[in-house]
Amino acid sequence: MHALVRLPDPATEATGPITGFGPISDSEHVLTHQYAGSPIGERIVVSGRVLDAGGRPITRNLVEIWQANSAGRYASPADHYDAPLDPNFTGTGRCLTDTDGWYRFTTIMPGSHRSDLRCDAWRPPHIHFSIMGTTFNQRLITQMYFPGDPLLREDSVVQAAPEPQRSHLISRLDHAIGENGWARGYRFDIVLPDTPHPPAEHGPHTGAAPDAWQTPPQTIGPFFAPALLRPHWYNSTPENDPTAIELTGTIYDGARKPVPHAMIETWQPDPAATSNGHFTRTGTGFSGHYRLRTARPRRTPTSADAAPHIALSLFTSGLNDRVITRVYLADDPSGNATDPVLAALPDDRRHTLLAHPEPSGPTTRYRFDITLQGNDETVFFLV
């Protein structure tokens, strides 16, 4: 795999969607009350604050979780573990952080399940967390573990995190968070990377050390779809929008085999600042193929030399962290010729960032395949 390329002008990635994810009901954070019956297992409350590296709270930000039930089984078609499903438990929830960065979920203690990497290994009980952040480059998917679990020492996903940061994946028992006589409480704070110019509503810098610890990323795993994929999120444009384009493609591994159960997110700000920009999220399912609909990219005032482009993140269970790339339109040669990012790339790799038009219906369609390694490996950026 090629080294990540440092992005010389991350103007697009330094912006991001602000909420705009549809209504979130008051009950979505209570996973124990989603059905008429109660789920099986020990009730727990998980709560904490979402902060940036300077200690400022990240407010009104989307937090999503998913987990196995008490028997270690996910409510996902991709999970074939021989354990019972719980008809009263989906294992998915979401909420917005409050004005001080706090989130809160009521759920049940997840069970351990077998590892996909070794038949004789078991994954420690954990909860997956997805945090949007305030910019595209602040986006985080991680996992939360429970204190004192002996499986932590041998779990390959935990051990993939840098040693100094592993302890920040482990929650701590906190009776003040629990509900007396009903549910145990666990505190899990999440620290995102800092942003160059944090919004004023995030409050003043607290004076925390500039190298304050950050929560390390963890793999998304293969069972995210029920929690993260919502039918309308693949499309960021009105149905009759003449500026809309479709982006389709296949995710390939180094052996040129399609990668199943991957997730793609795209982002582009609105140059006219008349909307919240264009954010999409979609998955590949079993086929490795994706499809999304967004607006045709335009030049932005903050980066006049940059050709129109779309920022894209790819998450898959084969990666401990996402990879970030950009999509440029191949039928805009004059715009692409002035782009500093494309100009800095070797000639034999520049084409991996170009989406090519295909015959289509009313909406213009572009093909953009992504190759994770090997021949024609897509250029991925360090932002």
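Definitions and cut-offs
Residues numbered from 1 in each chain as written. Predicted model: local features only at pLDDT ≥ 70, side-chain atom pairs only at ≥ 80, totals over all residues. Heavy atoms only, no water. Helix = DSSP H or I, 4+ residues; strand = E, 2+ residues; numbered from the N terminus. Rg over C-alpha atoms; globule rule 2.2 N^0.38 Å. Buried < 20%, exposed > 50% of the residue type's maximum accessible area, 1.4 Å probe, protein only. Areas by Shrake-Rupley, 256 points an atom, 1.4 Å probe, with all protein chains shown as cover. Lys, Arg positive; Asp, Glu negative; His and termini not counted. Charge placed at Lys NZ, Arg CZ, Asp CG, Glu CD. Pairing = 2+ DSSP bridges. Axes fitted to C-alpha atoms, helices over the stretch in contact; angles between N-to-C directions. pLDDT = per-residue confidence, 0-100. Contact = heavy atoms within 4.5 Å. Phe/Tyr/Trp six-rings, centres within 6.5 Å; stacked < 30°, edge-to-face > 60°. Lys NZ or Arg CZ within 6 Å of the ring centre and 35° of its normal. Salt bridge = Lys/Arg side-chain N within 4 Å of Asp/Glu carboxyl O. Polar contact = N/O pair within 3.5 Å; in protein donor to acceptor, adjacent residues only side chain to side chain.

Peer 1: What should I look at first to understand the overall build of the protein in this one?
Peer 2: A tally of helices and strands in the protein yields five helices and 22 strands. Against the 2.2 N^0.38 benchmark of 21 Å for 383 residues, the protein shows a C-alpha radius of gyration of 21 Å, consistent with a compact globule. Its C-alpha atoms give the protein principal-axis dimensions of roughly 65 × 50 × 45 Å. Going through the 383 residues of the protein one by one, you find that 54% of them count as buried. If you sum the accessible surface of the protein, you get close to 17000 Å²; carbon and sulfur atoms cover 54% of it. Measuring between centres, the 32 positive side-chain charges of the protein sit 2 Å from its 41 negative side-chain charges.

Peer 1: It is not clear to me how the pairing of strand β14 (residues 262–268) should be interpreted in this structure. Could you clarify?
Peer 2: Residues in a regular strand project their side chains so that they alternate between the two faces of the sheet. Among the seven residues that make up β14, seven are buried, leaving the element largely enclosed by the rest of the structure. In β14, alternate side chains face the same way, and those of Ala-262, Ile-264, Thr-266 and Gln-268 on one face and Met-263, Glu-265 and Trp-267 on the other are all buried. Where β14 and strand β17 (residues 309–316) come together, six bridges link them in antiparallel fashion. Its bridge partner being in β17, Trp-267 is matched across the sheet by Ala-311. Across six bridges, β14 lies against strand β15 (residues 278–283) in antiparallel orientation.

Peer 1: When you look at the sheet that holds strand β9 (residues 140–145) in this model, what are you seeing that I'm missing?
Peer 2: Strand pairing in a sheet takes place through backbone hydrogen bonds and is either antiparallel or parallel in direction. A sheet is described by the order of its strands in space; here four strands give the open sequence β4-β3-β8-β9, paired in antiparallel fashion. Pairing within the sheet leaves two strands with one partner each, and these edge strands are β4 (92–96) and β9. Geometrically, the sheet is characterised by an average inter-axis angle of 20° between neighbouring strands, direction not taken into account. Pairing of strand β3 (residues 62–67) with β4 involves five bridges; the strand directions are antiparallel.

Peer 1: Would you mind showing me how to read the environment of Leu-229 here?
Peer 2: Structurally, the position occupied by Leu-229 is in the loop between α2 (225–228) and β13 (244–252). Judged by its relative accessible area of 29%, Leu-229 falls in the partly exposed class. In the structure, Leu-229 is positioned 54 residues away from Gly-283 in sequence and 7.0 Å away in space, judged by C-alpha atoms.

Peer 1: How should the environment of Pro-57 be read in this particular structure?
Peer 2: Relative to the elements of secondary structure, Pro-57 occurs in the loop between β2 (43–52) and β3. For Pro-57, a relative accessible area of 14% gives the class buried.

Peer 1: I keep staring at the confidence of the model for the protein and nothing clicks. Help me out?
Peer 2: In low-pLDDT regions, the fine details of the predicted coordinates are not to be read closely. Model confidence for the protein is summarised by a mean pLDDT of 90, while 91% of its residues fall at 70 or above. Overall, residues 197–212 carries pLDDT values under 50, and its contacts beyond four positions in sequence, including any with other chains, amount to 19 contacts.

Peer 1: I tried to follow unusual backbone geometry on my own but got confused; where do I start?
Peer 2: One non-glycine residue, Arg-60, lies in positive phi territory at about 50°. Mapped onto the elements of the fold, Arg-60 is located in the loop between β2 and β3.

Peer 1: Would you explain the packing of aromatic side chains in this entry?
Peer 2: A ring pair, where both rings are aromatic, is described by two values, the distance of the centres and the angle of the planes. Taken as a whole and judged by the stated rule, the model has eight aromatic pairs. Judged by centre distance (6.4 Å) and plane angle (80°), the ring pair of Phe-105 and Phe-129 falls under edge-to-face. With Phe-105 in strand β5 (residues 102–108) and Phe-129 in strand β8 (residues 126–131), the pair connects residues that are 24 residues apart, well separated along the chain. Judged by its relative accessible area of 0%, Phe-105 falls in the buried class. Residue Phe-129 is classed as buried on the basis of its relative accessible area of 1%. Among the aromatic residues, those joined into a ring-pair cluster are Tyr-103, Phe-105, Phe-129 and Phe-188. Above the ring of Tyr-252, the side-chain terminus of Arg-256 is found at 3.7 Å from the ring centroid. One residue, Arg-322, lies across the ring of Phe-136, its end atom 5.4 Å from the ring centre.

Peer 1: Would you explain the pattern of salt bridges in this entry?
Peer 2: Oppositely charged side chains may form a pair once their charged atoms are brought near each other. Evaluated as defined, the whole model comprises 18 salt bridges. Among the salt bridges present, the one from Glu-28 reaches Arg-230, with a minimum N-O distance of 3.9 Å. In this pair, Glu-28 sits in the loop between β1 (5–6) and β2 while Arg-230 sits in the loop between α2 and β13, placing the two residues 202 residues apart along the sequence. By relative accessible area, which is 24% here, Arg-230 ends up partly exposed. Between Arg-172 and Asp-174 there is a salt bridge, with the nearest N and O atoms lying 3.8 Å from each other. Judged by relative accessible area, which is 45%, Arg-172 ranks as partly exposed. The network of salt bridges with common partners includes Glu-64, Arg-139, Glu-265 and Arg-281.

Peer 1: How should the side chain of Asn-69 be read in this particular structure?
Peer 2: With respect to the helices and strands, Asn-69 occurs in the loop between β3 and β4. Take Asn-69: its relative accessible area is 4%, and that puts it in the buried class. Side-chain polar atoms of Asn-69 contact the backbone nitrogen of Ala-71, separated by 2.8 Å. Here Asn-69 is in contact with Pro-84, Leu-85, Asp-86, Phe-89, Ile-108, Pro-110 and Gly-111, once residues within four sequence places are set aside.

Peer 1: When you look at the side chain of Ser-130 in this model, what are you seeing that I'm missing?
Peer 2: Note on placement: Ser-130 falls in strand β8. Among the polar contacts made by the side chain of Ser-130, one reaches the side chain of Arg-139 at a distance of 2.9 Å.

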